[in-house]
Amino acid sequence: MIEKPIITAAEAAGKIKEGDTIMIGGFMASGSPHTVIQAVKEIAPKGLTLISTDTAAHDFKSGRITGIGHLVANKQFKKIFASHIGLNQETQRQMNAGETEVELVPQGSLAEKIRAGGAGLGGILTPTGVGTEVQEGKQVITVDGKAYLLELPLTADVALIKAKKGDKAGNLVYAGTACNFNLVMATAAKLVIAEVEELVEVGEIDPNEVQTASIFVDFIVKAEKLDM
Amino acid sequence: MEYVANKDNIAKRIARMFHNGDVVNLGIGLPTLVGNYIPEGVTIILQSENGMMGLGPAPEAGQENYDIVNAGGAPVTVLTGGCFFDSATSFGIIRGGHVDYTVLGVLEVDQQGNLANYKVPGKMVPGMGGAMDLVSGARVVIAATLHFEPSGKSRMKRHCTLPLTAAREVNYVVTDLGLFEVVGDRFHLREVFAPFTAEFIKEKTDADIVVDTDCRVIEL
């Protein structure tokens with residue numbers, strides 16, 4: 001099996017260009033690639049479009065920031081696709097001030113849009129959002145008498161994902177609910193960088209247990225920062 | 001009649017709606033309380049939208065594992081026989097009709113079964129998270145809410161004024177005054193929670209309420 005380059009978090013962050021669209025895995029910072037996120041904050045490419053289910057937490061009162069919240073606070077995004085920003089006051093502030101465009105996408109639709117992007121589909125039909133603001137500007141298609149929204153695929157220049165364990169070929173295994181969006185994001189970007197907690201030799205992961213196939217992964221980073 | 005807000009009564013009543021083996025998704029906040037009141041002898045399976053079946057209680061202090069969290073991002077545990085899956089699968093479970101009940105919080109709910117709970121334009125825009133998928137996909141949608149807003153107005157309306165989370169999907173509304181079913185563009189009062197009365201509820205609610213002939217008074 002062909003091994004993938006193992007790079008530093010800084011090298012990973014260096015692959016993101018100004019203006020790129022990036023996907024970042026995680027759910028409220030659980031299962032996010034925290035080592036790479038810190039490097040992206042330090043190298044600080046700007047004008048990015050983010051696709052992520054949330055922007056983790058940023059509480060103005062306590063000053064506590066988690067996960068992707070560090071990149072929002074660093075003002076690196078011009079646009080954010082997310083399903084929930086309720087626990088990040090800075091994202092809400094930037095949105096209300098017109099500094100960052102936020103497009104709210106229902107969480108299940110976001111997952112399917114990314115899946116469609118990675119699976120070569122022209123979009124998906126979902127009943128979610130029919131009769132709501134989410135419907136605005138979208139094609140409504142009726143199948144067997146039921147209305148569905150046509151949701152178009154999402155892809156990215158770079159996906160930053162996180163796995164519990166990876167082998168040097170890029171086969172990945174996730175833990176608990178930390179799998180979340182990492183699995184679909186691994187399929188939907190031109191460049192996929194997987195941060196892994198445990199890096200093992202090829203052959204050490206049972207092929208039956210692989211959740212993300214190595215073919216989706218371009219670079220591997222060994223996790224250093226495991227807190228949020 | 002004096003009204004004192006009582007979230008626990010809402011949770012208690014909803015907890016009695018489930019049957020053995022039902023798959024249930026509880027929203028964050030008030031709906032989470034429902035888990036505390038599941039009757040003895042009834043086992044439900046809790047689904048968490050971020051990717052698990054068999055959601056267990058919060059771990060003891062010091063035992064938190066941030067790879068196992070609930071839909072609010074807080075550490076939880078997984079029960080024996082539970083399992084994990086990715087977000088696309090999780091929402092396939094939700095939209096695909098494999099979740100029996102979803103219990104969600106409310107900003108406004110109206111007699112057409114419309115629910116608004118994700119946005120107050122210009123004030124609060126947290127986002128819908130998984131709520132829109134849950135409401136459109138679950139077999140039975142239960143809106144759980146204190147009957148009144150802090151201002152004293154009822155959260156049950158003739159027509160929602162806030163942006164909708166979903167149109168015509170709510171089946172039941174359970175407040176701290178009673179249990180209502182949405183049928184034919186009306187709230188049907190099925191149960192009144194003592195010491196309140198149907199008259200009190202009708203008087204204090206700005207919506208069309210049909211009091212069923214078999215409407216029961218329940219002690220919670």
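What comes next concerns the included structure. Model, not experiment: these values are computed from the prediction.

The helix and strand tally for chain B stands at four helices and 13 strands. For chain B, the C-alpha radius of gyration of 17 Å lies close to 17 Å, the compact-globule estimate for 220 residues. Seen along its three principal axes, the alpha-carbon backbone of chain B occupies a region of about 50 × 40 × 30 Å. In chain B, of all internal contacts separated by at least 6 residues, the share reaching a separation of at least 24 is 61%. Summing over all exposed atoms, chain B offers an accessible surface of approximately 9,300 Å²; the carbon and sulfur share of this is 50%. Each charge class in chain B can be summarised by its mean position, and for the 18 positive and 26 negative side chains these summaries are 7 Å apart.

The next thing to look at is helix 1 (residues 7-15) of chain B. One turn of the α-helix equals 3.6 residues, which is why residues spaced by three or four share an orientation. All names here are of chain B. For helix 1, the complete set of buried residues consists of Asn9, Ile10, Ala11, Arg13, Ile14 and Ala15. Looking at the buried positions of helix 1, the neighbouring elements they touch are strand 5 (101-104), strand 8 (140-144), strand 10 (172-174), strand 11 (178-183) and strand 12 (186-193). Residue Asn6 occupies the N-cap position of helix 1, its side-chain oxygen lying 3.1 Å from the main-chain nitrogen of Asp8.

Here we take up the nonpolar core. One finds A:Ile22, A:Ile24, A:Phe77 and A:Leu160 to be the most contacted residues of the largest nonpolar core, which totals 34 residues. The leading source of residues in this core is helix 2 (residues 34-43) of chain A, at four residues. Those residues in contact with A:Leu160, other than ones at most four positions away along the chain, are A:Ile16, A:Met23, A:Ile24, A:Gly25, A:Pro33, A:Val36, A:Val40, A:Asn182 and A:Ile193. Of all hydrophobic cores here, the second largest spans 27 residues; its members include A:Leu154, A:Phe181, A:Val217 and B:Ala88.

Turning next to the pairing of strand 8 (residues 156-167) of chain A. Residues and elements named next belong to chain A. The buried fraction of strand 8 amounts to nine of the twelve residues, a majority that puts the element mostly inside the structure. Relative to strand 10 (residues 189-200), strand 8 runs parallel, the two being bridged by ten bridges. Counterpart to Lys165 in the pairing with strand 10 is Glu198. Pairing of strand 8 with strand 9 (residues 172-173), which is carried by two bridges, proceeds in the antiparallel orientation. In the sheet register, Gly166 faces strand 9, and the bridge partner there is Leu172.

Here we take up the sheet that holds strand 5 (residues 124-126) of chain A. One key point about sheets: their strands pair by backbone hydrogen bonds, in either a parallel or an antiparallel sense. Residue and element names in this part refer to chain A. Across the sheet, three strands lie side by side as 5-7-6; this open sheet has antiparallel pairing. Either end of the sheet is taken by a strand with one partner, and the two such strands are strand 5 and strand 6 (140-143). The average angle at which neighbouring strand axes cross in this sheet is 45°, direction not considered. In the sheet, strand 6 pairs with strand 7 (residues 146-151) via four bridges, with the strands oriented antiparallel. Paired with Val140 across the two strands is Leu149, which belongs to strand 7.

With that settled, the discussion passes to the interface of chain A and chain B. Listed per partner, the contact involves 40 residues of chain A and 34 residues of chain B. With both chains or domains summed, chain A and chain B bury close to 2,700 Å², and 59% of this area falls on carbon and sulfur atoms. At the boundary of chain A and chain B, one finds three salt bridges. A salt bridge links B:Asp67 to A:Lys164; the shortest N-O distance between them is 3.2 Å. On the surface where chain A and chain B come into contact, there are 19 residue pairs in polar contact (both at pLDDT 80 or more). If you list the elements that add at least two residues to the side of chain A that touches chain B, you get helix 4 (89-96), helix 5 (107-119) and helix 6 (182-185) of chain A. In terms of residues, the side of chain A that touches chain B owes the most to one element, helix 5 of chain A, which gives six residues. Considering only residue class, the side of chain A that touches chain B consists of 19 nonpolar, 16 polar and five charged.

Right, let's get into helix 2 (residues 87-95) of chain B. If you check which residues of helix 2 of chain B are buried, you get B:Ser87, B:Ala88, B:Ser90, B:Phe91, B:Ile93 and B:Ile94. Those residues of helix 2 of chain B that are buried lie in contact with helix 5 and helix 6 of chain A together with strand 2 (45-48), strand 3 (52-56) and helix 3 (131-137) of chain B. The N-terminus of helix 2 of chain B is capped by B:Asp86, whose side-chain oxygen sits 3.0 Å from the backbone nitrogen of B:Ala88.

Residues and elements named next belong to chain B. Taken in spatial order, the three strands make up an open sheet running 7-6-9, and their pairing is mixed. With partners counted over all chains shown, the strands left at the sheet margins are strand 7 (115-116) and strand 9 (156-157), one partner each. With two bridges joining them, strand 6 (residues 108-110) and strand 9 adopt parallel strand pairing. Each residue of the ladder has a partner; that of Val109, found in strand 9, is Met156.

Turning our eyes to something else, we now look at the pairing of strand 3 of chain B. All names here are of chain B. Of all five residues making up strand 3, five are buried, and the element is well covered by its neighbours. Relative to strand 3, strand 2 is paired through two bridges, and the arrangement is antiparallel. Of the residues in strand 3, the one forming a bridge with Gln47 is Met53. Bridge count for strand 3 against strand 4 (residues 77-84) is four bridges, and the pairing is antiparallel. Paired with Leu55 across the bridge in strand 4 is Val78.

Okay, the side chain of B:Arg13 next. Residue and element names in this part refer to chain B. As for its position among the elements, Arg13 is in helix 1. Since its relative accessible area comes to 12%, Arg13 is described here as buried. Residues in contact with Arg13, not counting those within four places in the same chain, are Val174, Leu179, Glu191, Phe193 and Leu220.

A word on the side chain of A:Thr66. Residue and element names in this part refer to chain A. Here Thr66 lies in the loop between strand 2 (48-51) and helix 3 (69-73). By relative accessible area, Thr66 is classed as buried at 4%. Leaving out residues up to four positions away in the same chain, Thr66 has contacts with Ala29, Ala56, Ala57 and Met228.

Scoring rules and cut-offs
- Residues numbered from 1 in each chain as written.
- Chains lettered and ligands numbered in written order.
- Predicted model: local features only at pLDDT ≥ 70, side-chain atom pairs only at ≥ 80, totals over all residues.
- Heavy atoms only, no water.
- Helix = DSSP H or I, 4+ residues; strand = E, 2+ residues; numbered from the N terminus.
- Rg over C-alpha atoms; globule rule 2.2 N^0.38 Å.
- Contact = heavy atoms within 4.5 Å.
- Areas by Shrake-Rupley, 256 points an atom, 1.4 Å probe, with all protein chains shown as cover.
- Lys, Arg positive; Asp, Glu negative; His and termini not counted.
- Charge placed at Lys NZ, Arg CZ, Asp CG, Glu CD.
- Buried < 20%, exposed > 50% of the residue type's maximum accessible area, 1.4 Å probe, protein only.
- Polar contact = N/O pair within 3.5 Å; in protein donor to acceptor, adjacent residues only side chain to side chain.
- Core = buried A, V, L, I, M, F, W, Y, C linked by side-chain atoms within 4.5 Å.
- Pairing = 2+ DSSP bridges.
- Axes fitted to C-alpha atoms, helices over the stretch in contact; angles between N-to-C directions.
- Buried area = accessible area lost by both parts, 1.4 Å probe.
- Salt bridge = Lys/Arg side-chain N within 4 Å of Asp/Glu carboxyl O.
- Nonpolar A, V, L, I, M, F, W, Y, C, P; charged D, E, K, R; others polar.

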